[in-house]
Amino acid sequence: MRKLAIGTVLTGALALTGLAAPIASAASPDLTFANVTVNKGKAIVVGTTATVKVPVTYTLTRPSDLNIDYKTTFAGITLYRGTLKSPDNGLDPESAPTCTTTATTDTTVTASCTETIVVDPQDSLYEAADATTWKAAGFYSHVDQDTDDSDSHVSFDYGYDLWGGLGTAQVKRAAKLTVNATPEPVTKGKTLTVKGALTRANWETGKYSGYQGQSVTLQFRAKSSSTYKNVKTVTSGTAGALSTTVKAAADGYYRYTFAGTSTTAAKAAAGDYVDVR
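Cut-offs applied
Residues numbered from 1 in each chain as written. Predicted model: local features only at pLDDT ≥ 70, side-chain atom pairs only at ≥ 80, totals over all residues. Heavy atoms only, no water. Helix = DSSP H or I, 4+ residues; strand = E, 2+ residues; numbered from the N terminus. Rg over C-alpha atoms; globule rule 2.2 N^0.38 Å. Buried < 20%, exposed > 50% of the residue type's maximum accessible area, 1.4 Å probe, protein only. Contact = heavy atoms within 4.5 Å. Areas by Shrake-Rupley, 256 points an atom, 1.4 Å probe, with all protein chains shown as cover. Lys, Arg positive; Asp, Glu negative; His and termini not counted. Charge placed at Lys NZ, Arg CZ, Asp CG, Glu CD. Pairing = 2+ DSSP bridges. Phe/Tyr/Trp six-rings, centres within 6.5 Å; stacked < 30°, edge-to-face > 60°. Lys NZ or Arg CZ within 6 Å of the ring centre and 35° of its normal. pLDDT = per-residue confidence, 0-100. Disulfide = S-S within 2.5 Å. Core = buried A, V, L, I, M, F, W, Y, C linked by side-chain atoms within 4.5 Å. Axes fitted to C-alpha atoms, helices over the stretch in contact; angles between N-to-C directions. Polar contact = N/O pair within 3.5 Å; in protein donor to acceptor, adjacent residues only side chain to side chain.

Draft legend 1. Focus on the overall build of the protein. Tallying secondary structure elements over the protein gives zero helices and 21 strands in all. Against the globule reference of 19 Å for 277 residues, the protein gives a C-alpha radius of gyration of 25 Å, more extended than a compact globule. Dimensions along the principal axes, computed over C-alpha positions, put the protein at roughly 85 × 40 × 30 Å. Looking at the protein as a whole, 42% of its 277 residues are labelled buried. Taking the intrachain contacts of the protein between residues at least 6 apart in sequence as the baseline, contacts between residues at least 24 apart amount to 66%. Approximately 14000 Å² of the protein is accessible, and the part contributed by carbon and sulfur atoms is 48%. Taken as two groups, the 26 positive and 24 negative side-chain charges of the protein have centres that lie 24 Å from each other.

Quick look at the structure:
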(Lines give C-alpha, C1' and ligand atoms only; values in the text may rest on other atoms or scores of the structure.)
Protein backbone atom coordinates (compact mmCIF):
# COMPACT_ATOMS: atom_id res chain seq x y z
CA MET A 1 0.00 0.00 0.00
CA ARG A 2 1.20 3.47 -0.85
CA LYS A 3 1.17 6.33 1.60
CA LEU A 4 0.29 9.75 0.35
CA ALA A 5 2.95 12.31 1.04
CA ILE A 6 1.07 15.47 1.93
CA GLY A 7 2.31 18.73 0.58
CA THR A 8 4.26 18.64 -2.69
CA VAL A 9 3.77 21.72 -4.85
CA LEU A 10 4.07 21.15 -8.59
CA THR A 11 4.19 23.87 -11.26
CA GLY A 12 2.39 26.40 -9.09
CA ALA A 13 -0.64 24.16 -8.47
CA LEU A 14 -1.64 22.46 -5.25
CA ALA A 15 -0.82 18.76 -5.15
CA LEU A 16 -0.90 17.13 -1.73
CA THR A 17 1.25 14.03 -1.60
CA GLY A 18 2.71 13.35 2.20
CA LEU A 19 4.53 14.38 5.28
CA ALA A 20 7.91 13.12 4.18
CA ALA A 21 9.16 16.54 3.03
CA PRO A 22 11.49 18.46 5.34
CA ILE A 23 9.83 21.01 7.60
CA ALA A 24 11.20 24.53 7.43
CA SER A 25 12.37 26.18 10.64
CA ALA A 26 10.23 29.29 10.12
CA ALA A 27 7.51 29.95 12.68
CA SER A 28 4.08 28.51 11.88
CA PRO A 29 1.54 31.08 10.69
CA ASP A 30 -1.38 31.93 12.98
CA LEU A 31 -4.19 30.30 10.99
CA THR A 32 -7.59 29.22 12.29
CA PHE A 33 -9.77 26.72 10.42
CA ALA A 34 -13.37 26.45 11.64
CA ASN A 35 -16.84 25.22 10.64
CA VAL A 36 -15.45 22.45 8.47
CA THR A 37 -18.17 20.48 6.66
CA VAL A 38 -17.26 17.61 4.34
CA ASN A 39 -19.70 16.37 1.67
CA LYS A 40 -22.56 18.28 3.34
CA GLY A 41 -22.26 15.93 6.31
CA LYS A 42 -23.04 12.82 4.25
CA ALA A 43 -20.94 9.70 3.77
CA ILE A 44 -18.58 9.64 0.79
CA VAL A 45 -19.66 6.62 -1.28
CA VAL A 46 -17.06 5.32 -3.74
CA GLY A 47 -17.27 2.53 -6.31
CA THR A 48 -14.45 1.00 -8.34
CA THR A 49 -14.02 3.32 -11.33
CA ALA A 50 -15.88 6.64 -11.11
CA THR A 51 -14.12 9.62 -9.55
CA VAL A 52 -16.09 11.21 -6.71
CA LYS A 53 -15.83 14.96 -6.13
CA VAL A 54 -16.42 15.90 -2.51
CA PRO A 55 -17.39 19.48 -1.60
CA VAL A 56 -15.79 20.94 1.52
CA THR A 57 -16.74 24.22 3.18
CA TYR A 58 -14.91 25.97 6.00
CA THR A 59 -13.94 29.30 7.51
CA LEU A 60 -10.32 30.44 7.44
CA THR A 61 -8.92 33.27 9.55
CA ARG A 62 -5.40 34.45 8.70
CA PRO A 63 -3.13 37.34 9.65
CA SER A 64 -3.85 40.32 7.43
CA ASP A 65 -0.18 40.51 6.43
CA LEU A 66 -0.09 36.87 5.26
CA ASN A 67 -0.78 36.53 1.54
CA ILE A 68 -1.99 33.09 0.43
CA ASP A 69 -1.64 33.25 -3.35
CA TYR A 70 -1.73 29.53 -4.33
CA LYS A 71 1.44 30.00 -6.28
CA THR A 72 4.04 29.90 -3.54
CA THR A 73 1.75 29.77 -0.50
CA PHE A 74 -1.19 27.40 -0.04
CA ALA A 75 -3.91 26.61 2.50
CA GLY A 76 -6.92 24.31 2.62
CA ILE A 77 -8.48 21.17 4.05
CA THR A 78 -7.24 17.60 3.59
CA LEU A 79 -8.68 14.28 4.81
CA TYR A 80 -6.53 11.58 6.35
CA ARG A 81 -6.80 8.34 8.25
CA GLY A 82 -4.28 7.24 10.84
CA THR A 83 -2.33 9.79 12.83
CA LEU A 84 -1.63 13.38 11.92
CA LYS A 85 2.14 12.85 11.95
CA SER A 86 2.02 9.54 10.05
CA PRO A 87 -1.20 9.13 8.03
CA ASP A 88 -2.06 5.78 6.48
CA ASN A 89 -3.75 7.51 3.55
CA GLY A 90 -4.87 10.98 2.50
CA LEU A 91 -7.44 12.63 0.23
CA ASP A 92 -6.57 15.98 -1.25
CA PRO A 93 -8.12 19.08 -2.85
CA GLU A 94 -8.46 19.19 -6.62
CA SER A 95 -7.30 22.81 -6.84
CA ALA A 96 -7.19 26.06 -4.90
CA PRO A 97 -10.35 26.86 -2.90
CA THR A 98 -12.75 29.68 -3.63
CA CYS A 99 -12.73 32.09 -0.68
CA THR A 100 -14.87 35.15 0.02
CA THR A 101 -13.84 37.63 2.70
CA THR A 102 -16.50 37.91 5.40
CA ALA A 103 -14.75 39.98 8.09
CA THR A 104 -11.59 42.00 8.68
CA THR A 105 -9.85 43.57 11.64
CA ASP A 106 -6.63 45.51 11.95
CA THR A 107 -4.72 42.24 12.21
CA THR A 108 -6.85 39.46 10.68
CA VAL A 109 -8.88 38.51 7.63
CA THR A 110 -11.68 35.92 7.82
CA ALA A 111 -12.99 34.20 4.70
CA SER A 112 -15.65 31.64 3.84
CA CYS A 113 -14.08 28.97 1.62
CA THR A 114 -15.22 26.14 -0.63
CA GLU A 115 -12.95 23.48 -2.11
CA THR A 116 -13.30 20.10 -3.82
CA ILE A 117 -11.56 16.95 -2.64
CA VAL A 118 -11.20 14.37 -5.39
CA VAL A 119 -11.51 10.64 -4.63
CA ASP A 120 -10.34 8.39 -7.47
CA PRO A 121 -10.79 4.77 -6.33
CA GLN A 122 -8.09 3.59 -8.72
CA ASP A 123 -5.55 6.07 -7.38
CA SER A 124 -6.69 7.12 -3.89
CA LEU A 125 -8.11 4.01 -2.18
CA TYR A 126 -6.07 0.85 -1.73
CA GLU A 127 -7.63 -1.52 0.81
CA ALA A 128 -10.67 -2.39 2.91
CA ALA A 129 -9.30 -0.30 5.76
CA ASP A 130 -10.01 2.84 3.70
CA ALA A 131 -13.73 2.28 4.36
CA THR A 132 -13.74 4.01 7.73
CA THR A 133 -13.97 7.37 9.46
CA TRP A 134 -11.45 9.87 8.11
CA LYS A 135 -10.31 13.04 9.86
CA ALA A 136 -10.18 16.57 8.51
CA ALA A 137 -7.07 18.72 8.89
CA GLY A 138 -6.20 22.23 7.83
CA PHE A 139 -2.89 22.73 6.07
CA TYR A 140 -0.57 25.56 5.15
CA SER A 141 2.46 25.20 2.91
CA HIS A 142 4.95 27.50 1.27
CA VAL A 143 7.72 27.00 -1.21
CA ASP A 144 10.69 29.14 -2.22
CA GLN A 145 12.63 27.89 -5.18
CA ASP A 146 15.38 28.99 -7.50
CA THR A 147 15.43 26.83 -10.62
CA ASP A 148 17.75 29.04 -12.64
CA ASP A 149 20.82 26.83 -12.96
CA SER A 150 22.80 29.27 -15.10
CA ASP A 151 25.01 29.87 -12.04
CA SER A 152 25.26 26.11 -11.39
CA HIS A 153 22.99 26.39 -8.37
CA VAL A 154 19.32 25.56 -7.66
CA SER A 155 17.39 25.63 -4.39
CA PHE A 156 14.07 24.43 -3.00
CA ASP A 157 12.92 25.57 0.45
CA TYR A 158 9.67 24.04 1.62
CA GLY A 159 7.57 24.30 4.80
CA TYR A 160 4.36 22.60 5.89
CA ASP A 161 1.91 22.88 8.80
CA LEU A 162 -1.11 20.75 9.72
CA TRP A 163 -3.92 21.42 12.20
CA GLY A 164 -6.02 18.36 13.05
CA GLY A 165 -9.21 17.83 15.00
CA LEU A 166 -11.37 19.77 12.54
CA GLY A 167 -14.05 17.14 11.94
CA THR A 168 -14.63 13.74 10.37
CA ALA A 169 -15.98 12.17 7.20
CA GLN A 170 -17.12 8.61 6.55
CA VAL A 171 -15.83 6.86 3.43
CA LYS A 172 -17.97 3.88 2.36
CA ARG A 173 -17.86 1.22 -0.32
CA ALA A 174 -20.57 1.49 -2.96
CA ALA A 175 -22.95 -1.48 -3.12
CA LYS A 176 -24.81 -3.14 -5.99
CA LEU A 177 -28.02 -5.12 -5.65
CA THR A 178 -29.84 -7.20 -8.25
CA VAL A 179 -33.22 -8.97 -8.33
CA ASN A 180 -34.94 -11.44 -10.66
CA ALA A 181 -38.34 -13.01 -9.97
CA THR A 182 -39.33 -16.14 -11.92
CA PRO A 183 -41.35 -17.51 -13.57
CA GLU A 184 -42.81 -14.63 -15.56
CA PRO A 185 -45.73 -14.51 -16.12
CA VAL A 186 -47.00 -16.56 -13.18
CA THR A 187 -50.38 -18.00 -12.19
CA LYS A 188 -51.99 -16.40 -9.14
CA GLY A 189 -51.23 -18.42 -6.00
CA LYS A 190 -48.23 -20.18 -7.53
CA THR A 191 -44.70 -19.89 -6.14
CA LEU A 192 -42.31 -17.20 -7.29
CA THR A 193 -38.58 -17.61 -6.77
CA VAL A 194 -36.84 -14.29 -6.21
CA LYS A 195 -33.09 -14.34 -6.67
CA GLY A 196 -30.43 -11.65 -6.65
CA ALA A 197 -27.00 -10.71 -5.36
CA LEU A 198 -25.47 -8.16 -3.01
CA THR A 199 -21.98 -7.01 -3.97
CA ARG A 200 -19.75 -4.12 -2.94
CA ALA A 201 -16.72 -2.29 -4.23
CA ASN A 202 -13.39 -4.00 -3.64
CA TRP A 203 -10.69 -1.34 -3.97
CA GLU A 204 -7.87 -3.86 -3.94
CA THR A 205 -9.12 -5.68 -7.05
CA GLY A 206 -10.97 -2.80 -8.70
CA LYS A 207 -14.10 -4.97 -8.97
CA TYR A 208 -17.29 -5.67 -7.03
CA SER A 209 -17.25 -8.73 -4.77
CA GLY A 210 -19.98 -10.60 -2.91
CA TYR A 211 -21.08 -9.30 0.50
CA GLN A 212 -21.97 -12.39 2.49
CA GLY A 213 -23.93 -12.69 5.75
CA GLN A 214 -25.90 -9.45 5.37
CA SER A 215 -29.60 -8.89 6.05
CA VAL A 216 -31.43 -7.87 2.88
CA THR A 217 -35.16 -7.10 2.71
CA LEU A 218 -37.44 -8.31 -0.08
CA GLN A 219 -40.12 -5.72 -0.87
CA PHE A 220 -43.21 -5.67 -3.09
CA ARG A 221 -45.05 -2.78 -4.76
CA ALA A 222 -48.42 -3.45 -6.32
CA LYS A 223 -48.92 -2.20 -9.87
CA SER A 224 -51.50 0.31 -8.65
CA SER A 225 -49.33 1.58 -5.76
CA SER A 226 -46.34 3.88 -5.44
CA THR A 227 -45.14 2.39 -2.14
CA TYR A 228 -43.01 -0.66 -1.51
CA LYS A 229 -43.87 -2.86 1.48
CA ASN A 230 -41.59 -5.30 3.28
CA VAL A 231 -42.22 -8.98 2.54
CA LYS A 232 -39.40 -10.85 4.31
CA THR A 233 -35.73 -10.63 5.27
CA VAL A 234 -33.09 -12.75 3.54
CA THR A 235 -29.43 -13.29 4.48
CA SER A 236 -26.90 -13.03 1.65
CA GLY A 237 -24.96 -16.22 1.02
CA THR A 238 -21.82 -17.17 -0.88
CA ALA A 239 -20.76 -14.41 -3.31
CA GLY A 240 -23.61 -12.33 -1.88
CA ALA A 241 -26.28 -14.57 -3.41
CA LEU A 242 -29.93 -13.97 -2.45
CA SER A 243 -32.84 -16.38 -2.91
CA THR A 244 -36.30 -16.82 -1.44
CA THR A 245 -39.83 -17.80 -2.47
CA VAL A 246 -43.21 -16.06 -2.23
CA LYS A 247 -46.75 -16.76 -3.38
CA ALA A 248 -47.83 -14.69 -6.37
CA ALA A 249 -50.83 -12.59 -5.41
CA ALA A 250 -51.02 -9.58 -7.74
CA ASP A 251 -49.26 -7.76 -10.56
CA GLY A 252 -46.39 -5.68 -9.26
CA TYR A 253 -42.70 -5.14 -8.65
CA TYR A 254 -40.30 -7.06 -6.42
CA ARG A 255 -37.02 -5.63 -5.24
CA TYR A 256 -34.30 -6.24 -2.64
CA THR A 257 -33.12 -3.42 -0.35
CA PHE A 258 -29.99 -3.22 1.79
CA ALA A 259 -29.82 -0.79 4.71
CA GLY A 260 -26.02 -0.49 4.63
CA THR A 261 -23.33 -0.93 7.28
CA SER A 262 -20.60 1.22 8.79
CA THR A 263 -18.36 0.39 5.81
CA THR A 264 -20.84 -0.08 2.95
CA ALA A 265 -23.54 2.23 1.59
CA ALA A 266 -27.24 1.41 1.45
CA LYS A 267 -28.70 0.22 -1.85
CA ALA A 268 -32.04 -0.70 -3.41
CA ALA A 269 -32.41 -2.81 -6.54
CA ALA A 270 -34.59 -1.65 -9.40
CA GLY A 271 -37.99 -3.34 -9.21
CA ASP A 272 -38.61 -6.46 -11.29
CA TYR A 273 -42.17 -6.51 -12.65
CA VAL A 274 -44.17 -9.71 -12.42
CA ASP A 275 -47.39 -10.31 -14.41
CA VAL A 276 -49.77 -12.42 -12.31
CA ARG A 277 -52.54 -14.18 -14.24
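There is more to say after this.
Draft legend 2. How the structure looks around the pairing of strand 15 (residues 207-210). Inspection of the sheet shows strand 14 (residues 191-202) paired to strand 15 by four bridges, in the antiparallel sense. Bridging from a neighbouring strand, Arg-200 pairs with Ser-209 of strand 15. Here strand 14 folds back onto strand 15, and the loop between the two strands holds four residues, one of which, Gly-206, carries a positive phi near 75°.

Draft legend 3. Representation of the packing of aromatic side chains. Per the counting criterion, the structure on display carries nine aromatic pairs. Ring geometry for Tyr-211 against Phe-258: centres 5.8 Å apart, planes inclined by 80°, an arrangement best described as edge-to-face. Of the two residues, Tyr-211 sits in the loop between strand 15 and strand 16 (215-222) while Phe-258 sits in strand 19 (residues 252-258), which places them 47 residues apart along the sequence. A centroid spacing of 4.7 Å and a plane angle of 45° characterise the contact between Phe-220 and Tyr-254, whose relative ring orientation is tilted. Pair noted here: Phe-220 is in strand 16 and Tyr-254 is in strand 19, with a separation of 34 residues, a long-range link. When sorted by exposure, Phe-220 lands in the same class as Tyr-254, which is buried. Linked through ring pairs, Phe-139, Phe-156, Tyr-158 and Tyr-160 together constitute an aromatic cluster. Directly above the ring of Tyr-208 sits Lys-176, whose terminal nitrogen or CZ lies 4.3 Å from the centroid. Taking NZ or CZ as reference, Arg-255 lies 3.8 Å from the ring centre of Tyr-228, over its face.

Draft legend 4. Spotlight on the confidence of the model for the protein. This prediction gives the protein a mean pLDDT of 91; 91% of its residues lie at or above 70. Counting interchain partners and residues more than four positions distant, the pLDDT-below-50 stretch residues 1-25 has 74 contacts.

Draft legend 5. Structural context of the state of the cysteines. On inspection of all chains with the given rule, the structure shows one disulfide. Here Cys-99 is linked by a disulfide to Cys-113, with a sulfur-sulfur distance of 2.1 Å. Judged by the sign of its S-S torsion, about 115°, the bond between Cys-99 and Cys-113 is right-handed. Here Cys-99 is found in strand 8 (residues 98-104), whereas its partner Cys-113 is found in strand 9 (residues 108-119), with 14 residues between them in sequence.

Draft legend 6. Examining the nonpolar core more closely. Core analysis: the largest hydrophobic core is formed by 40 residues, its most contacted members being Ile-44, Leu-79 and Val-119. Counting residues per element, the ones that place at least two in this core are strand 3 (32-38), strand 4 (44-46), strand 5 (52-63), strand 6 (73-82), strand 9, strand 10 (133-146), strand 11 (155-163) and strand 12 (168-173). The element that contributes the greatest number of residues to this core is strand 10, accounting for six residues. Setting aside residues no more than four positions away along its own chain, Leu-79 makes contact with Val-38, Ile-44, Asn-89, Gly-90, Leu-91, Ile-117, Trp-134, Lys-135, Ala-136 and Ala-169.

Draft legend 7. Layout of the sheet that holds strand 8. Read from one edge of the open sheet, four strands run 3-5-9-8, paired in antiparallel fashion. Of all strands in the sheet, those with a lone pairing partner are strand 3 and strand 8, marking the two edges. Sheet twist, expressed as the average angle between the axes of neighbouring strands with direction ignored, equals 20°. Where strand 5 lies against strand 9, 12 bridges are found, and the strand directions are antiparallel. The residue bridging Pro-55 from the neighbouring strand is Thr-116, located in strand 9.

Draft legend 8. Spatial organisation of the side chain of Thr-78. Its place among the elements puts Thr-78 in strand 6. Here Leu-91 takes part through its backbone oxygen, which lies 3.0 Å from a polar atom of the side chain of Thr-78.

Draft legend 9. A look at unusual backbone geometry. Between Thr-182 and the following residue, Pro-183, the backbone shows a cis peptide bond with an omega angle of 0°. Take Pro-183: it is sitting in the loop between strand 13 (175-182) and strand 14. Residue Pro-185 is bonded to the preceding Glu-184 through a cis peptide linkage, with omega at -5°. Looking at the secondary structure, you find Pro-185 in the loop between strand 13 and strand 14. Positive phi, normally seen in glycine, also occurs at Asn-35, with a value near 55°.

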